[in-house]
Amino acid sequence: MSTSTLLPTRLEFRKLGERIGAEIRGLDLSADLSDETVAEIRAALNEHKALVFRDANIRTDEEQVRFASRFGPLTTAHPTVAAVDGAANVLPVDSEDGSANTWHTDVTFVVNPPQATTLRSITLPAYGGETLIASSAGAYQDLPAELRAFADTLWAVHTNDYDYAVPKNLEHDGAEERRKVFTREIYQSVHPVVRVHPLTGERGLFIGGFAQRLRIVGLSNTESKDIIRLLQAYVTRPENVVRVNWEPNQVVLFDNRITKHYAPANYGDQARKLNRVTIAGDIPASIDGTRSQSLQGDSSAYSVTVEV
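Here's what I pulled together on the structure shown here. (Residues numbered from 1 in each chain as written. Predicted model: local features only at pLDDT ≥ 70, side-chain atom pairs only at ≥ 80, totals over all residues. Heavy atoms only, no water.)

1. Some details on the overall build of the protein chain
Alright, step 1. When helices and strands are tallied, the protein chain shows 6 helices and 15 strands.
Alright, step 2. Relative to a compact globule of 308 residues, whose C-alpha radius of gyration would be 19 Å, the protein chain shows 19 Å and is just as compact.
Alright, step 3. Each of the three principal axes of the protein chain carries a C-alpha extent, and together these read 70 × 45 × 35 Å.
Alright, step 4. Buried positions account for 52% of the 308 residues belonging to the protein chain. (Helix = DSSP H or I, 4+ residues; strand = E, 2+ residues; numbered from the N terminus. Rg over C-alpha atoms; globule rule 2.2 N^0.38 Å. Buried < 20%, exposed > 50% of the residue type's maximum accessible area, 1.4 Å probe, protein only.)

2. Regarding the packing of aromatic side chains
Alright, step 1. Applying the stated rule across the entire model yields 5 aromatic pairs.
Alright, step 2. Considering the side-chain rings of Phe-67 and Phe-71, the 5.4 Å spacing of their centres and the 80° angle between planes classify their relative orientation as edge-to-face. The burial state of Phe-67 is the same as that of Phe-71; both residues are buried.
Alright, step 3. Both rings, one in Phe-109 and one in Tyr-187, keep their centres 5.8 Å apart while their planes meet at 40°; by these two values the pair is tilted. With a gap of 78 residues between them, Phe-109 in the loop between β4 (91–94) and β5 (116–123) and Tyr-187 in the loop between α5 (175–182) and β8 (188–192) connect regions that are remote in the sequence. As far as the burial class goes, Phe-109 and Tyr-187 line up, both buried.
Alright, step 4. Through pairs of rings, three or more aromatic residues link up here, namely Phe-13, Phe-53, Phe-67 and Phe-71.
Alright, step 5. The ring of Tyr-140 carries the charged tip of Arg-148 above its face, separated from the ring centre by 5.7 Å.
Alright, step 6. Just above the ring of Phe-206 sits the side chain of Arg-195; from NZ or CZ to the centre is 4.9 Å. (Phe/Tyr/Trp six-rings, centres within 6.5 Å; stacked < 30°, edge-to-face > 60°. Lys NZ or Arg CZ within 6 Å of the ring centre and 35° of its normal.)

3. What about the nonpolar core?
Alright, step 1. Core analysis: the largest hydrophobic core is formed by 26 residues, its most contacted members being Phe-13, Leu-29, Ile-41, Leu-51, Phe-53, Phe-67 and Leu-253.
Alright, step 2. Only β2 (22–25), α1 (35–48), β3 (50–54), α2 (61–68), β12 (251–255) and β14 (273–279) provide two or more residues apiece to this core.
Alright, step 3. For this core, the element with the highest residue contribution is α1, accounting for 4 residues.
Alright, step 4. If we skip the residues at most four places from it in the chain, Leu-29 touches Phe-53, Ala-56, Ile-58, Phe-67 and Val-251.
Alright, step 5. In this structure, Ala-139, Leu-154, Ile-207 and Ile-216 belong to the second largest nonpolar core, which totals 20 residues. (Core = buried A, V, L, I, M, F, W, Y, C linked by side-chain atoms within 4.5 Å. Contact = heavy atoms within 4.5 Å.)

4. A look at the sheet that holds strand β7 (residues 155–159)
Alright, step 1. Here we have 3 strands laid out as an open sheet, ordered β7-β8-β15, and antiparallel in their pairing. Of all the strands in the sheet, just β7 and β15 (293–296) have a single pairing partner and so form its edges. Each strand axis lies, on average, 30° off the axis of its neighbour in the sheet, ignoring direction.
Alright, step 2. Pairing between β7 and β8: 5 bridges, direction antiparallel. Its bridge partner being in β8, Val-157 is matched across the sheet by Val-190. (Pairing = 2+ DSSP bridges. Axes fitted to C-alpha atoms, helices over the stretch in contact; angles between N-to-C directions.)

5. A closer look at α2
Alright, step 1. Among all positions of α2, only Asp-61, Gln-64, Phe-67 and Ala-68 are buried. Taken end-on, α2 shows its buried residues confined to a sector of 125°, consistent with a single buried face.
Alright, step 2. The elements touched by buried residues of α2 are α1, β3, β5, β12 and β14. (Arc of directions from axis to C-beta.)

6. Some details on the pattern of salt bridges
Alright, step 1. Evaluated as defined, the whole model comprises 19 salt bridges.
Alright, step 2. A salt bridge links Asp-61 to Arg-120; its shortest N-O distance comes to 2.7 Å. Residue Asp-61 is located in helix α2, and its partner Arg-120 is located in strand β5; the two are separated by 59 residues in the primary sequence. The pair formed by Asp-61 and Arg-120 is uniform in burial state, with each residue classed as buried.
Alright, step 3. Between Arg-243 and Glu-130 there is a salt bridge, with the nearest N and O atoms lying 3.6 Å from each other. (Salt bridge = Lys/Arg side-chain N within 4 Å of Asp/Glu carboxyl O.)

7. So, the sheet that holds strand β13 (residues 259–262)
Alright, step 1. Strand order in the open sheet made by the 3 strands is β11-β6-β13, with antiparallel pairing throughout. Looking at strand neighbours, the two that pair on one side only are β11 (241–244) and β13, the edges of this open sheet. Between one strand and the next, the sheet's axes are offset by a mean angle of 20°, whatever the strand orientation.
Alright, step 2. In this structure, strand β6 (residues 131–135) lies alongside β13, joined through 4 bridges in antiparallel fashion.

8. Brief notes about the environment of Val-52
Alright, step 1. Looking at the secondary structure, you find Val-52 in strand β3.
Alright, step 2. Look at Val-52 and you get buried, because its relative accessible area is 2%.
Alright, step 3. Along the chain, Val-52 and Gly-86 lie 34 residues apart, while their C-alpha atoms are 27 Å from each other.
Alright, step 4. Excluding residues within four positions of it along the chain, Val-52 makes contact with Leu-16, Ala-22, Glu-23, Ile-24, Val-244, Gln-250, Val-251 and Val-252.

Limitation: the analysis is restricted to geometry and does not speak to function.
What follows is the structure, encoded as structure tokens:
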């Protein structure tokens, strides 16, 4: 037997786009993954930013929690929204509670947002219900040099006191009550508009829904909205976006440090349910190493801070 046959088989991820996204089929994520396999998945995540695991064989919340925990300590489900019963780390992403159809990065209103997010398909509509994920690194690369230099200097306030879901005229029943739950404790954190990824050194635009309520530090609300709108247009350019079509028994893992995502409400009144587990993150840093600061709210019960 040749020595080459004894070498471990490397995972083969198929690219879904040049700048973001890759998929693999048939990798059993419920198994006791080796450290080498986990390291390969992490390397693929660093490269592709969003990974789609089809036929993942994760059937329970416990298996999803086990898989996510291989990449670091977990957050609780959410700072203000209730977890799945009996599963403190699992957040239901349920169409009955409305649609998050605005570009955002998860929980950036705390000083230590999650480093990565896992989503697992539970109930899927017959059509629609995709998840769009965008590379904020690709967006930063696309900026003209003058605009990039300007963005490097900016800081933005993020808060959960913001209706990031759907316009009021399109809300589901009970939206006002859900909004009260979402904002039952107010958080505000100031983050760099350009964040440096601690593992890859890439720069990405760290903006999105939670940065829209207040403003960029030192600028008026009107100026802030115009600048955020301009920068966000680079994030959502089609070449920076992968459209993930959901299948039964599927898991998606994306890098929350350098992506944004959006769930189009394109499935009518059909049911759509995913379960989310997020992995605790570090405190973001700007290009000169200055770190984010909390302005309001204590997130220590939600998540530990990971040192990288």
